[in-house]
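Geometric and topological summary
Okay, here's what each chain looks like letter by letter:
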Amino acid sequence: MLLRKTAWFWKSGLAVISFVLMFSISGCSDTPPEEDTVSETVIDVQDVSEEEQENEEEIINICIDLYDKAAEENKLDDLEIIRSIVNRLGENGYPAVDSRNQVNMTEAEQVLEFCKKVDAQEEAELTILEISYLGGFVKYDLHTKDGNVDVVRSYYGYENGEIQKEVTGRYQAEYWNYTEEGYLMFSGVWFSEELYVLTLSGVEEHTALRVQPLDETYRELSRKYLLPISFEQNNMFIVDWSEEDFGDLNFYDMYDILYPKVNGQYVPYVADDNLSVSAVYRIPKEEFESVIMKYFNIDSETLQSKTVYASEDSTYEYKPRGFEEVEYPEYPYSEVIGYTENSDGTITLTANVVFPYSGNSKVYAHEVVVRPLEDGGVQYVSNRIIPSEDNSEETWHTPRLTLEEWEELYGGE
């Protein structure tokens, strides 16, 4: 039930909300390296040359039947369909990978050779295809000379039995790196007349393509245990915690993430439509605990100590995230690179945190222990950040307000 609503006023006067058109879906995220700021210069786009277009028809003919079949079966976003398209293109000599980096890149040696040419400041050309889960693909036509890399990015969408080019942009890569973890990461700013009407600016491009193959078991473990949680509005894989000491793990964020998995719908306790108002709810004990305890081996007393609990009516106080707790919508993802099956039935996963937005394929590494359950479910046992001098900060995360911060903003009663 709704407990109360209190209003607060902006300290800074005006709050500016900018609309950003998120067109590109490269890797799992797209963003600029923090230290290599993307140039504000926008490179004008002319019609792409005949040389750049010459393989377009061939590529479409190679995979159009697979798109037709996928559309017929309503499986354009199915992993196995995506895998079949990637492999078909590889069989025809094209480097190809999926936009979520869940399928091994085909013809990866071509990409490695191109990267060598970039380092050697030699001249070379290469086409890489990135298959989207939205029913289409991106074609990157790359040209390097004197150590610079020019990129022509063309998006092709599938609709009504046809694959057609929808948007094309050209830019020079401001950031280019083939990483130790086997990723090709590059970024820049491109301009398109089609998108300028909506954005009135260039579009930042941040691409992360896994070039080196990865064991399929690792990918399955990532999809099953890590990607469903990920990093959006939670600190589960950011802080150290365990069943013995849950530390700073925020169970309100976990409730937001796990509630849809348990109940098949979004959390009904939402923020007020008025951004200057905060909603405070009291959630019945059984309802709150049924969500958390499905994924964590935690008792009521411990959970109550990590939250705000009202013993008089057996409810958990709950405040939805508000305007001050909004995050920029670019997140990393964890990629399992090894695992150990433990004698107690748990599994220790070793994973790298990949953040395309910052051009970093290893922000840090962490170990996650999970306990698979007989019913196919899972309990999360612990998370540990692996210490390293090379670890970077989790710049994407905005913590929930503390009680003191909330009282200051919303004015108490």
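Everything in this summary refers to the structure shown in the same document. Bear in mind the structure is a predicted one, so any value in this text is a computation, not a measurement. (Residues numbered from 1 in each chain as written. Predicted model: local features only at pLDDT ≥ 70, side-chain atom pairs only at ≥ 80, totals over all residues. Heavy atoms only, no water.)

With that settled, consider the pattern of salt bridges. Using the criterion set out here, one finds 17 salt bridges in the structure. Ionic pairing is found between Arg 153 and Glu 205, a salt bridge with its closest N-O pair at 3.0 Å. Of the two residues, Arg 153 is situated in strand β5 (residues 148-159) and Glu 205 in strand β9 (residues 203-210); the sequence distance between them amounts to 52 residues. Side by side, Arg 153 and Glu 205 carry an identical accessibility label, which is buried. As a salt-bridge pair, Arg 400 and Asp 253 come within 2.2 Å of each other at their nearest N and O atoms. Within this pair, whereas Arg 400 is found in the loop between β17 (378-385) and α10 (403-410), its partner Asp 253 is found in helix α7 (residues 251-263), the two being separated by 147 residues in sequence. For Arg 400, a relative accessible area of 11% translates into the label buried. (Salt bridge = Lys/Arg side-chain N within 4 Å of Asp/Glu carboxyl O. Helix = DSSP H or I, 4+ residues; strand = E, 2+ residues; numbered from the N terminus. Buried < 20%, exposed > 50% of the residue type's maximum accessible area, 1.4 Å probe, protein only.)

This part covers the packing of aromatic side chains. Tallying each qualifying case throughout the model produces 27 aromatic pairs. Between Phe 288 and Tyr 316 the ring centres are 4.5 Å apart and the planes differ by 20 degrees, which places this aromatic pair in the stacked class. Placement of the pair is Phe 288 in helix α8 (residues 285-295) and Tyr 316 in strand β13 (residues 315-318), with a sequence separation of 28 residues. Here the aromatic cluster, defined as three or more aromatic residues joined through ring pairs, consists of Tyr 252, Tyr 255, Tyr 259, Tyr 269, Tyr 281, Phe 288, Tyr 309, Tyr 316 and Tyr 318. Just above the ring of Tyr 133 sits the side chain of Arg 100; from NZ or CZ to the centre is 3.9 Å. (Phe/Tyr/Trp six-rings, centres within 6.5 Å; stacked < 30°, edge-to-face > 60°. Lys NZ or Arg CZ within 6 Å of the ring centre and 35° of its normal.)

So, about the environment of Val 381. Locating Val 381 in the fold gives a position in strand β17. Of the residues examined, Val 381 reaches a relative accessible area of 12% and is grouped as buried. Put simply, Val 381 and Val 368 are 13 residues apart on the chain and 7.5 Å apart in space, counted from C-alpha to C-alpha. Not counting chain neighbours up to four residues away, the residues in contact with Val 381 comprise Trp 241, Ser 242, Glu 243, Thr 346, Val 369, Val 370 and Arg 371. (Contact = heavy atoms within 4.5 Å.)

Any functional reading would require information beyond the geometric quantities listed.
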